[in-house]
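# Overview (structure and organization)
Here's the letter readout for the chains.
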Amino acid sequence: MTKTNRREFLRATSLALATAWAGGGAGLAQQAPVSAGALGPALVGDLVAANRILADQGVLDAFGHVSARHDKNPERFVLSRSLAPALVTATDLIEYDLDGRGVNVKGRSEYSERFIHAEIYRARRDVNAVVHAHALSLIPFGVSTTPLRAIYHMAGFIGEGVPIFDIRASSGMTDMLVKDSNKGRALAQVLGNKPAVLMRGHGVAVVGPALPFAVGRSIYLELNARIQAQAMALGGAVTYLDPEEARKIMESGENRSYERAWELWKRKVMTK
Ligand SMILES: [Zn+2]
């Protein structure tokens, strides 16, 4: 190598290194958003309880998840690492930004469908808790032309109906999972301002202004589906709640804000 060639080589190498460094630096910054700080201890306790309650009540099995918006920064939410909900503890919680990027992943495996939560929190400022479930009783209503409808007073919150998200409409042929921001955004759009959205051939996303609402709605939505299927199986005409009855139920306080049920459900799972 001549002197000039060596100088050229060194210059090119340092340029390449500088570029790689800048690129790598930007990549690192992207991978690690700044933390909003520790989640309030009461919210940690409720989120752990929510995971176990939904498993205990048969809404979640080994799959599905529940999250809460961060109490110190609305641009963050908290979700467990990839784990069966019945096993979740406080140390399993990961903080995410609304692009689904973890703040404190620390090499742990993540739920691929965290974008359901991220995009709903982005679209719905009124939502502070999100549940994603694959509850068996709800699947038929996502694949049939028979709509899921409020059939008893505990399900007054779906008085305006439950939309159905068909991932094919926005994304074509997929593995059915909402595992990027685009799919999450399409789901959030179909959810609109409703409390729940069925996902064709997959499950459901349920939202609420706080964890007891999202959890309670998930439980009663699943029961409503079972009751509706039973009522329809009887063969006669089925009388559903009138939209006005559902409205009055909501006006008089949706299931007493689930406070009584929440204490019961929580005690059942946290003393086990
Ligand atoms: Zn899923």
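These lines cover the structure that appears in this document, whether it is placed above or below. (Residues numbered from 1 in each chain as written. Predicted model: local features only at pLDDT ≥ 70, side-chain atom pairs only at ≥ 80, totals over all residues. Heavy atoms only, no water.)

The next subject is the packing of aromatic side chains. By the definition in use, this model includes five aromatic pairs. Ring centres 5.4 Å apart and planes at 75 degrees place the aromatic pair Phe-213 and Tyr-258 in the edge-to-face group. Here Phe-213 is found in helix H7 (residues 211-233), whereas its partner Tyr-258 is found in the loop between helix H8 (243-251) and helix H9 (259-270), with 45 residues between them in sequence. Here Phe-213 matches Tyr-258 in class, with each residue buried. Their ring planes at 45 degrees and their centres at 6.2 Å tell us that Tyr-220 and Trp-265 sit as a pair that is tilted. Placement of the pair is Tyr-220 in helix H7 and Trp-265 in helix H9, with a sequence separation of 45 residues. Each member of the pair Tyr-220 and Trp-265 is classed as buried. Through a chain of ring-to-ring contacts, the aromatic side chains of Phe-213, Tyr-220, Tyr-258 and Trp-265 assemble into a single cluster. (Phe/Tyr/Trp six-rings, centres within 6.5 Å; stacked < 30°, edge-to-face > 60°. Helix = DSSP H or I, 4+ residues; strand = E, 2+ residues; numbered from the N terminus. Buried < 20%, exposed > 50% of the residue type's maximum accessible area, 1.4 Å probe, protein only.)

As a further point, take the pattern of salt bridges. Per the stated rule, a full pass over the model turns up 17 salt bridges. The partner of Arg-125 in a salt bridge is Glu-75, and the shortest N-O contact between them spans 3.1 Å. Highlighted residues: Arg-125 in the loop between helix H3 (114-123) and strand E4 (129-133) and Glu-75 in the loop between strand E1 (65-69) and strand E2 (76-80), separated in sequence by 50 residues. On the basis of relative accessibility, which here comes to 47%, the residue Arg-125 falls in the partly exposed class. (Salt bridge = Lys/Arg side-chain N within 4 Å of Asp/Glu carboxyl O.)

Residue position: Arg-200 is located in the loop between strand E6 (196-199) and strand E7 (203-208). With relative accessibility at 17%, the residue Arg-200 sits in the buried group. Side-chain polar atoms of Arg-200 contact the side chain of Asp-166, separated by 2.7 Å. Setting aside chain neighbours within four positions, we find Arg-200 in contact with Gly-142, Val-143, Ile-164, Phe-165, Asp-166, Ile-167, Arg-168 and Met-176. (Polar contact = N/O pair within 3.5 Å; in protein donor to acceptor, adjacent residues only side chain to side chain. Contact = heavy atoms within 4.5 Å.)

Within the secondary structure, Val-215 sits in helix H7. Each C-alpha atom, one on Val-215 and one on Gln-57, is 9.9 Å from the other, the two residues being 158 residues apart in sequence. Look past the residues within four positions of Val-215 in its chain and what remains in contact with it is Ala-50, Ile-53, Leu-54, Val-131, Trp-262 and Trp-265.

This part covers the coordination of the zinc ion. Protein coordination at the zinc ion comes from Glu-113 (OE), His-132 (NE2), His-134 (NE2) and His-202 (NE2), with a distance range of 2.0 to 2.1 Å. Every donor counted, the four donor atoms about the zinc ion form angles of 94 to 146 degrees at the centre, which fits irregular coordination. When the donors of the zinc ion are listed by position in the chain, the intervening gaps give E-x18-H-x1-H-x67-H. With His-132 in strand E4 and His-202 in the loop between E6 and E7, this residue pair connects regions lying 70 residues apart in the sequence. Judged by relative accessible area, which is 0%, His-132 ranks as buried. Looking at His-202, the relative accessible area reads 9%, which means it is buried. (Donors = N, O, S within 2.8 Å, 3.2 Å for Na, K, Ca; no water. Tetrahedral: all angles 85-135°; square planar, octahedral: opposite > 155°, others 65-115°.)

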